Amino acid sequence: MRWIEPVAADGTDDAPLSAAHVRAWRDSGAVVVDGLLPLDLILEGRAAARSAFAPPVGDGPADFGSGGSYVFPAEVAAVNELTLHPRLLVAVAQLLGCAVRELRLSQSDLWAKFGRSKPIDDPVDNADQRMHVDYPNHTLLHPPLWAEPDAVEMIVYADGVEECAGATAVVLREGDGDPAYPWPIVGTPGVAGLPWINDRSSAESYLGEHAPELAAWRAEHLYARERHVRYRPGTVLLYRHDTWHRGTPIRPGALRIVQNLTFRRAATEWISTLHEGWAWAMYRSANTMERIIATSSVDQRCVLGFPPPGHAVWTEPMLQAVDARYAPYGMDISPYRDAAQAGS
């Protein structure tokens, strides 16, 4: 097994990723870092998830996820704080080469994945995934040309590979002529007319029978080149919608917790919010989302789609109305009012 070892993130909040980190992500499609986020937030989220997703008697479920329980905005503060953590947002902005205010959140969910003692006969099983790219369930289009990335995906690990196994396997891109990364990227089940099969054995068996040339290409250029992320609590895998990767089996009896996040450029409306989003959260009695809006920074609000200071929407009636809505939760409307007055 070949490993991708984590590299320490920079200590500065203004630029937590080094030029080498950014170059690795942009050139090869993935970079693995430690120290990007506060470990206490990650462990707090893990503790909450473990109490809710205690391993059942016998084998765990076939799928992974939280069933919506830990989707942003969650009732666990650590999940929300990590989602909008300033160092994380700056790191994403570094990768995309834009300002934080030009980012939009499109996914944040704490996921649990269980180990099982034996495989099950299910073509959509998630235990040992086929090699794939993530864009089909994120965007209505196709990722842009390689040098023009429009989104960042990440996995924040809350456990260690030694205890859980289940390392994410990644195929790193090796230059413009890499045969693993032809244009367009369609050589995977679930795309371009191929049936959606997730289980590795089932997928490759199907392709071997119905598309033998594709199966041979995948064996030579994807599986033969995969490298596994050596993760520990706090490790973050930063990758892309067009990066080949797959999940591998969790050790029997183990429970692995990760937080999956995606950020896109603001202008890319064809990239969807993967889960329900945060509009329905405004109906919760705890007013969690309202409090997040009120207490976030201007940049953090922008990432959620809140208009920035200076936007044309900020007329005096709108300022008064939004102030009335959020002031009870502690929001300071002055950055928006000051910008409106300066522009008038």
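In the block above lies the structure referred to throughout.
Residues numbered from 1 in each chain as written. Predicted model: local features only at pLDDT ≥ 70, side-chain atom pairs only at ≥ 80, totals over all residues. Heavy atoms only, no water.

Asks: Explain the pairing of strand S5 (residues 151-157) to me, please; I cannot follow it from the model alone.
Replies: As a general feature of sheets, a regular strand has side chains that alternate between the two faces. With seven of seven residues buried, S5 is to be regarded as a mostly interior element. Side chains Ala151, Glu153, Ile155 and Tyr157 project from S5 onto one buried face, and the interleaved Val152, Met154 and Val156 project onto a second face that is buried too. By the bridge criterion, seven bridges tie S5 to strand S10 (residues 255-265) in an arrangement that is antiparallel. Note on S10: the bridge partner recorded for Val152 is Phe263. Of the strand pairs in this sheet, S5 and strand S8 (residues 236-239) are connected by four bridges, and their pairing is antiparallel. (Buried < 20%, exposed > 50% of the residue type's maximum accessible area, 1.4 Å probe, protein only. Helix = DSSP H or I, 4+ residues; strand = E, 2+ residues; numbered from the N terminus. Pairing = 2+ DSSP bridges.)

Asks: Whenever I open this one, the packing of helix H6 (residues 200-210) against helix H7 (residues 212-221) confuses me. Can you help?
Replies: Geometry of a packed helix pair, given as the angle between the helix axes and the separation of the axes. Running from N to C, H6 and H7 cross one another at 135 degrees; their axes reach a closest spacing of 5 Å. With respect to each other, H6 and H7 are oriented oblique. Contact with H6, carried on its side by Glu204, Leu207, Gly208, Glu209 and His210, involves Pro212, Leu214, Ala215 and Arg218 of H7 and no other residues of that element. Classifying every residue of the contact of H6 with H7 gives four nonpolar, two polar and three charged. (Axes fitted to C-alpha atoms, helices over the stretch in contact; angles between N-to-C directions. Parallel < 35°, antiparallel > 145°, perpendicular 65-115°, else oblique. Contact = heavy atoms within 4.5 Å. Nonpolar A, V, L, I, M, F, W, Y, C, P; charged D, E, K, R; others polar.)

Asks: Mind showing me how you'd approach the sheet that holds S5 here?
Replies: Backbone-to-backbone hydrogen bonds pair the strands of a sheet. The strands run either parallel or antiparallel. Taken together, six strands build an open sheet; the order of strands is S2-S3-S8-S5-S10-S4 and the sheet is mixed. At either margin of the open sheet sits one strand with a lone partner, and together these are strand S2 (7-8) and strand S4 (103-114). Contacts between helix H2 (residues 39-52) and the sheet are confined to S4, S5 and S10, with S10 contributing the most and set at about 120 degrees to the helix.

Asks: I'm lost on the sheet that holds strand S1 (residues 3-4) in this one. Help?
Replies: On the basis of which strands lie adjacent, the open sheet formed by four strands has the order S1-S7-S6-S9 and mixed pairing. Strands at the two margins of the open sheet, each flanked by one partner only, are S1 and strand S9 (245-246). Note that S1 and strand S7 (residues 227-229) share two bridges and pair parallel. The residue bridging Ile4 from the neighbouring strand is Val229, located in S7.

Just geometry here; none of it tells us what the structure is for.
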